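# Structure assessment
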Amino acid sequence: MDEDARTLLTAVVIAALAALAVGWFLRAHLADRSRRRLQRFFGLPDNSECLLVVGRDTGTDGSVARDDVFALIELAAVIKNCGAKAQLLSGESARQGFGERTEFCIGGPMTNRRMAAHLHSLLPGVMVNTDSEPGPDRGAFLIGSERYRLENGSVEHVLLARLTAGQEGRPVFLACGQKSITSQAAARYLAKHHTRLARKHGSGGNFCLLLRVVNSQAYGPDVVELVADVTRSATTPGPKLAKSAGN
C-alpha cells in the first residue's frame, strides 16, 4: 500500500470515528434533554421523593385492588426513569399537605379518602355519586352541568389531572375512576402521552382530562378515548349533589 492510500485510509478511519463520537454525543444530549423534560413535567428531579397514594378495595379484605396494583406498576416505571424514589401510602393514612412532594393519587373517593379530599380542594366542580343503592346514576360523574354515567364493562370514565397549589409547588396527579380498571388505563395514558400533554399544557401547567375506557370486559384498559378537557368546569365550584363525594 503506497503512502497516498495509507493517508486516505487514515483520513477515512478518523472521519468515521469522529462521526461515531458526534452521533454518541447527540444521542446522549437528546436522551438527557428528554429526561429533563420528563422530570420537569412530573416534578421529579434526580433523587427526589414522591408519594403513591392508593385506596383499599372495599369489596375484598381491604387490600389494594388488582387493577390499582397494575396502575402503581405503570407509575413506578415513570418514577424510576426520572431517577426518583417513591413512598407507598394508603389513602386512609396519608395525612399531610400537598405541594412539597409530587403525589400520584389513584382510586375513587369511596375507596380512597385522600382522593375525596383532593376532589373537594382541587376539583370543586366535580361531583361523584357514591350512592350504595343500585341505580342509573350510581358512580356517575357530574362535571359542571354534564353527567357521565357508568356502564359496567362497556363505558367507564376516569379523570386524569395534574394540579399544583402554586408555581413552586410540586404537582399532584389524580386518577379518579368509576372502576379500578380505569386507574390502570389513566396511569398508562399518562405514561404514554406525557410529552404531548406537556407540549399542550406546559411542563408546569394544570389540566383535568375526562377519559373513557371502552369495552373493558373485552379489551381491558387498552382502549382509551379522550372525551374532553374539563379543566375549567372541574376547577369551578358547582352545585351540591346529594349522596356524592367531591364537595
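This write-up is about the structure you can find in this document. (Residues numbered from 1 in each chain as written. Predicted model: local features only at pLDDT ≥ 70, side-chain atom pairs only at ≥ 80, totals over all residues. Heavy atoms only, no water.)

For the protein chain, the count of helices and strands is six helices and eleven strands. Within the protein chain, the fraction of its 247 residues that count as buried is 43%. When contacts within the protein chain are restricted to residue pairs at least 6 apart in sequence, those whose partners lie at least 24 apart make up 66%. For the protein chain, the computed accessible surface area is about 13000 Å², with 54% contributed by carbon and sulfur atoms. (Helix = DSSP H or I, 4+ residues; strand = E, 2+ residues; numbered from the N terminus. Buried < 20%, exposed > 50% of the residue type's maximum accessible area, 1.4 Å probe, protein only. Contact = heavy atoms within 4.5 Å. Areas by Shrake-Rupley, 256 points an atom, 1.4 Å probe, with all protein chains shown as cover.)

Time to look at the pairing of strand β9 (residues 207-214). Among the eight residues of β9, six are classified as buried, and the element is accordingly described as predominantly covered. Direction of pairing for β9 relative to strand β10 (residues 224-229): antiparallel, over a ladder of five bridges. Across the sheet, L209 pairs through a bridge with D229, a residue of β10. (Pairing = 2+ DSSP bridges.)

A few words on the pattern of salt bridges. In the structure shown here, the tally under the stated rule is ten salt bridges. Among the salt bridges present, the one from R66 reaches D67, with a minimum N-O distance of 3.9 Å. In this structure, a network of salt bridges that share partners links the residues R35, R36 and D46. (Salt bridge = Lys/Arg side-chain N within 4 Å of Asp/Glu carboxyl O.)

Here we take up a positive patch on the surface. A contiguous patch of positive charge on the surface is contributed by R33, R37, R40, R196, R199 and K200. Breaking the positive patch down by element, the ones donating at least two residues are α1 (3-42) and α4 (181-201). One can find R33 in helix α1. Assessed through its relative accessible area of 41%, R33 is described here as partly exposed. (Patch = residues over 30% accessible without salt bridge, like charges linked within 9 Å, V, L, I, M, F, W, Y side chains within 5 Å. Lys, Arg positive; Asp, Glu negative; His and termini not counted. Charge placed at Lys NZ, Arg CZ, Asp CG, Glu CD.)

The biggest cluster of nonpolar side chains holds 29 residues, and the ones touching the most others in it are F41, F42, L44, F104 and L190. Elements with a minimum of two residues in this core: α1, β1 (49-54), α2 (66-81), β3 (102-106), β7 (155-163), β8 (172-177), α4 and β9. Broken down by element, the residue count for this core peaks at six residues, all from α4. Leaving out residues up to four positions away in the same chain, L44 has contacts with Q39, E49, C50, I79, C82, A84, T102 and F104. (Core = buried A, V, L, I, M, F, W, Y, C linked by side-chain atoms within 4.5 Å.)

Under the defined criterion, the tally for this structure stands at six aromatic pairs. Consider the rings of F41 and F173, whose centres lie 5.8 Å apart with planes at 55°: the pair is tilted. Taken together, the positions of F41 in helix α1 and F173 in strand β8 put the pair 132 residues apart, joining distant regions of the chain. Taking relative accessible area as the criterion, F173 reaches 3% and is therefore assigned buried. Judged by centre distance (5.2 Å) and plane angle (15°), the ring pair of F104 and F173 falls under stacked. Here F173 lies in strand β8 and F104 lies in strand β3, a separation of 69 residues in the sequence. Comparing F104 with F173, the two get one shared label, buried. Ring-pair connections join several aromatic residues into one group, and the members of that group are F41, F42, F104, F173 and F207. Stacked on the ring of F41, the Lys or Arg R162 has its end atom at 5.4 Å from the ring centre. (Phe/Tyr/Trp six-rings, centres within 6.5 Å; stacked < 30°, edge-to-face > 60°. Lys NZ or Arg CZ within 6 Å of the ring centre and 35° of its normal.)

Moving on, we come to the sheet that holds β8. Read from one edge of the open sheet, seven strands run β2-β1-β3-β8-β7-β9-β10, paired in mixed fashion. Two strands bound the open sheet, and with one partner strand each, they are β2 (85-90) and β10. The sheet shows a mean angle of 20° between the axes of neighbouring strands, direction not considered. One ladder, built from six bridges, connects β1 with β2; its direction is parallel. Within the sheet, the bridge partner assigned to E49 lies in β2 and is K85. Lying on the sheet, helix α3 (residues 113-122) is in contact with β1, β3, β7 and β8; it crosses β8 at an angle near 110°. Seen against the sheet, α4 touches β3, β7, β8, β9 and β10 and runs at an angle of roughly 135° to β9. (Axes fitted to C-alpha atoms, helices over the stretch in contact; angles between N-to-C directions.)

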